[in-house]
Amino acid sequence: MTDRKDPAKSSSKDPAPAEKGAGSAKQSMGGPSAKPRAARPKRSLLERAATALGSGTSSDDAGVRNLAAADRLDAKVDATEALVAAIPENVNKPAEYALRGKVPQPPQGATAKPENLDATASTITESNESEKNGAKAAPGENLNQGPLQKHRADSLGRALTTNQGVPVGDNQNSLRAGLRGPTLLEDFILREKITHFDHERIPERVVHARGSGAHGYFECTEDITALTKAAPFAKVGKRTPVFVRFSTVAGERGSADTVRDTRGFAVKFYTDEGNWDLVGNNMPIFFIQDPMKFPDVVHAVKPEPHHQMPQASSAHDTFWDFISLMPESTHHIMWQMSDRAIPRSFRTMQGFGVHTFRLVNEAGQATLVKFHWTPVLGTHSLDWDEAVKIAGADPDFHRRDLWEAIEGGAFPEYLLQIQTFTEEEAEKWSFDVLDPTKIVPEELVPLRTVGRLVLNRNPDNFFAETEQVAFCTQHVVPGIDFTNDPLLQGRNFSYLDTQLSRLGGPNFHEIPINTPVAQIHNNQRDGFHRQTINRGRVNYEPNSLAGGCPFQAGARGFASVAERLLAQQASTEPTKLRGKPEKFADHYTQARLFWASQTPIEREHIARAFRFELTRVQTQAIRERVVRMIRNVDEALAA
Ligand code: HEM
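Residues numbered from 1 in each chain as written. Predicted model: local features only at pLDDT ≥ 70, side-chain atom pairs only at ≥ 80, totals over all residues. Heavy atoms only, no water.

## Observations regarding the overall build of the protein
Alright, step 1. The number of helices and strands found in the protein is 16 helices and 10 strands.
Alright, step 2. Looking at the 639 residues of the protein, the share that counts as buried comes to 45%.
Alright, step 3. Here the analysis covers contacts within the protein between residues at least 6 apart in sequence; of these, 74% occur between residues at least 24 apart.
Alright, step 4. For the protein, the computed accessible surface area is about 33100 Å², with 55% contributed by carbon and sulfur atoms. (Helix = DSSP H or I, 4+ residues; strand = E, 2+ residues; numbered from the N terminus. Buried < 20%, exposed > 50% of the residue type's maximum accessible area, 1.4 Å probe, protein only. Contact = heavy atoms within 4.5 Å. Areas by Shrake-Rupley, 256 points an atom, 1.4 Å probe, with all protein chains shown as cover.)

Dropping the structure here:
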């Protein structure tokens, strides 16, 4: 194997400043090969590095090897001294403080380039290559990432092996003490196979357990660089790879597709500035206003804890008990009882970011935004009778439709549309844009198409990709930022936390489907199932031993928008409190707007859905409470 291009070899810089001679006070690198330095002729740092970087260290002759190693270690010490000396102090420290009222502006971290790459190496033996070791890490590159192809496997023409690569001679019979005797503990082939099988299931997602995924791309179709510097919108025509997972919320992993439920519409953009996840639903609003209520709404809709019924259905007492005590859920319930809750296919389903987010441009100016995905095929639903029959005849109806459409070349396509508005505009509206139970009506802010999403490749393996993908609302990139929507703030905590246990530890970002296409370089190491083999002895920042790397990005990095919405807070209001703003208290205006937007047949469907659900509720008082709730939307509907 040939060495990679090494800056130390091609450098024309005079290494003299780092050269201090054999007698200088240097840290000993130890080891039997470190001969007294005075015994060797003094040579320049570059010369010694050149010897060391040659193949000498892998010589069969121990004497040659020791000499080369001693020389090389010597050069490493000098190069390290030079590198560390190049960063004499932490010059960026003052920029961390708000001095004389100036807001801190994080600068890029201080860095220095090693004159000899051994200075930042974990070991000088890294150049002893082998079929397993391969070449040493290329400067600044994390090869653990990259296109998924290096993770794909195909067994054509290959014999069966164990997980250690040992050929399996007999895959039919376990090892026994005699043909009619007991099985031997020694049978590592049987034990490995059964042990793997025993652990093949991981916990399903606590919500959205049932899902189907596809690869594709997002293409920017309109220049919105005045609004955002986010990488997917950098240029009209730019394509960003994506992975999308559609899901139901309540049902377990094996439940039917066509149940009445909200659907997840989660998009992972693998941008060149890191992953951006837009983790949305097919309805533009949500049941609750505060994350404190999320476990409650999920407990209420999931199968009742005493007998685990019903599966993937909201038609039971606990759900309607909770909902009828939560007037803020009225708007979402209207959508949930509508045809929107039984989409015809994932291809004909809208998606919404739900929360108000922020777009941020190069100048750091922020604009409030709502995200919409609009299917090019139009939005279509099933009729309830169809949905019920299909659930029995083909529980995988949506998964199959998505798979077959992509396999057949009918690639699902959606437009990305945005509504953008300023904080000043939002302040004038009767509803609060931080309230996730409210839409921004299109009459107030029309939709603007800015891109398209095309799903053009099915996954190779459901478990490796669709099951192990980890979406998270806090995955944002420069150019996208959060607002104070309390539900969004709660979600930002929840996803990483749940994935730590679902995917078995803090390194699930290294599972191939979750790895960004942008390079990962930080000092987070260790933990279960670590894949990356980091080079060097430095795992902290600031440092000088690794030339300051990886250094903080400063202005190029993600920076949170300075909050303006705080300005709305009355000066008399305590700064720490539990509660909701007054505008959050209007639970019915938009529920009525939704009802008004429905055609007569759609209204009939909603009434029918309420009837079906409530006839499954056994407690009369809960039914009555729901009817009282519906009266706030429409008397005729409640009648
Ligand atoms: C405080 C409110 C919420 C909390 C605490 C919460 C929490 C969770 C959790 C724990 C998961 C499972 C994640 C996993 O195991 O990978 C999940 C999945 C999901 N959530 Fe939420 N969620 C909340 C609200 C919402 C809202 C408002 C939306 C829609 C805008 C949403 C959309 C999704 C989607 C689409 C998934 C499935 C992602 C996938 O396909 O893997 N959630 N949520």
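Additional details are given in the paragraphs that follow.
## A closer look at the site of the ligand
Alright, step 1. Around the ligand, the surrounding shell holds 23 residues, and the nearest of these are Arg205, Arg245, Arg491, Tyr495 and Arg502.
Alright, step 2. Arg245 places a side-chain nitrogen or oxygen 2.7 Å from an oxygen atom of the ligand.
Alright, step 3. Contacts to the ligand include Arg491, whose side-chain N or O atom sits 3.2 Å from a nitrogen atom.
Alright, step 4. Elements supplying a minimum of two residues to the shell around the ligand: strand S3 (263-271), strand S4 (274-281) and helix H12 (486-502).
Alright, step 5. For the shell around the ligand, the leading source of residues is H12, giving seven residues.
Alright, step 6. Partitioning the shell around the ligand into residue classes produces 11 nonpolar, eight polar and four charged. (Near = heavy atom within 4 Å. Polar contact = N/O pair within 3.5 Å; in protein donor to acceptor, adjacent residues only side chain to side chain. Nonpolar A, V, L, I, M, F, W, Y, C, P; charged D, E, K, R; others polar.)

## A short note on the coordination of the iron atom of the ligand
Alright, step 1. Inspection of the coordination sphere of the iron atom of the ligand shows a single protein donor, Tyr495 (OH), at 2.0 Å.
Alright, step 2. When you line up the elements, Tyr495 lands in helix H12. (Donors = N, O, S within 2.8 Å, 3.2 Å for Na, K, Ca; no water.)

## Considering the nonpolar core
Alright, step 1. Trp320, Met334 and Phe610 are the most contacted members of the largest nonpolar core, which has 39 residues in total.
Alright, step 2. Mapped by element, the contributors of at least two residues to this core are helix H5 (294-301), helix H6 (317-324), helix H7 (330-336), helix H13 (589-597), helix H14 (600-616), helix H15 (620-631) and helix H16 (635-638).
Alright, step 3. Top element by residues in this core is H14. It accounts for five residues.
Alright, step 4. If near-sequence neighbours (up to four positions away) are discounted, Phe610 is found in contact with Trp320, Ile333, Met334, Met337, Val626, Ile630 and Leu637. (Core = buried A, V, L, I, M, F, W, Y, C linked by side-chain atoms within 4.5 Å.)

## Some details on the pattern of salt bridges
Close approach of charged atoms lets side chains of opposite charge pair.
Alright, step 1. Overall, the coordinates contain 28 salt bridges when judged by the stated rule.
Alright, step 2. We note a salt bridge from Asp383 to Arg608, for which the minimum N-O separation is 3.2 Å. On the criterion of sequence distance, the pair formed by Asp383 in the loop between strand S7 (366-375) and helix H8 (384-393) and Arg608 in helix H14 is long-range, its members being 225 residues apart.
Alright, step 3. In this structure Asp383 comes out as partly exposed when scored by relative accessible area, which is 23%.
Alright, step 4. Taking the relative accessible area as the measure of exposure, Arg608 reaches 26% and is therefore partly exposed.
Alright, step 5. Here Arg400 and Asp396 are joined by a salt bridge, their closest N and O atoms 4.0 Å apart. (Salt bridge = Lys/Arg side-chain N within 4 Å of Asp/Glu carboxyl O.)

## Some thoughts on the confidence of the model for the protein
Alright, step 1. For the protein, the average pLDDT comes to 91, and 90% of its residues sit at 70 or higher.
Alright, step 2. In the predicted structure, residues 1-39 sits below a pLDDT of 50 and forms 73 contacts with residues beyond four places in sequence or in another chain.
Alright, step 3. Low pLDDT (under 50) marks residues 52-56, which in the prediction has 11 contacts with non-local residues, meaning those over four places away or in another chain. (pLDDT = per-residue confidence, 0-100.)

## A look at the packing of H6 against H15
Alright, step 1. The interhelical angle for the contact between H6 and H15, taken along N-to-C directions, is 40 degrees, at an axis separation of 9 Å. It follows that H6 is oblique to H15 by the angle criterion. In this structure, H6 crosses over H15, and the sense of that crossing is left-handed. Contacts between H6 and H15 pair Asp317, Trp320, Asp321, Ile323 and Ser324 from the former with Ile622, Arg625, Val626 and Met629 from the latter.
Alright, step 2. Taken together, the residues of the contact of H6 with H15 break down into five nonpolar, one polar and three charged. (Axes fitted to C-alpha atoms, helices over the stretch in contact; angles between N-to-C directions. Parallel < 35°, antiparallel > 145°, perpendicular 65-115°, else oblique. Left-handed = near helix turned anticlockwise from the far one by under 90°.)

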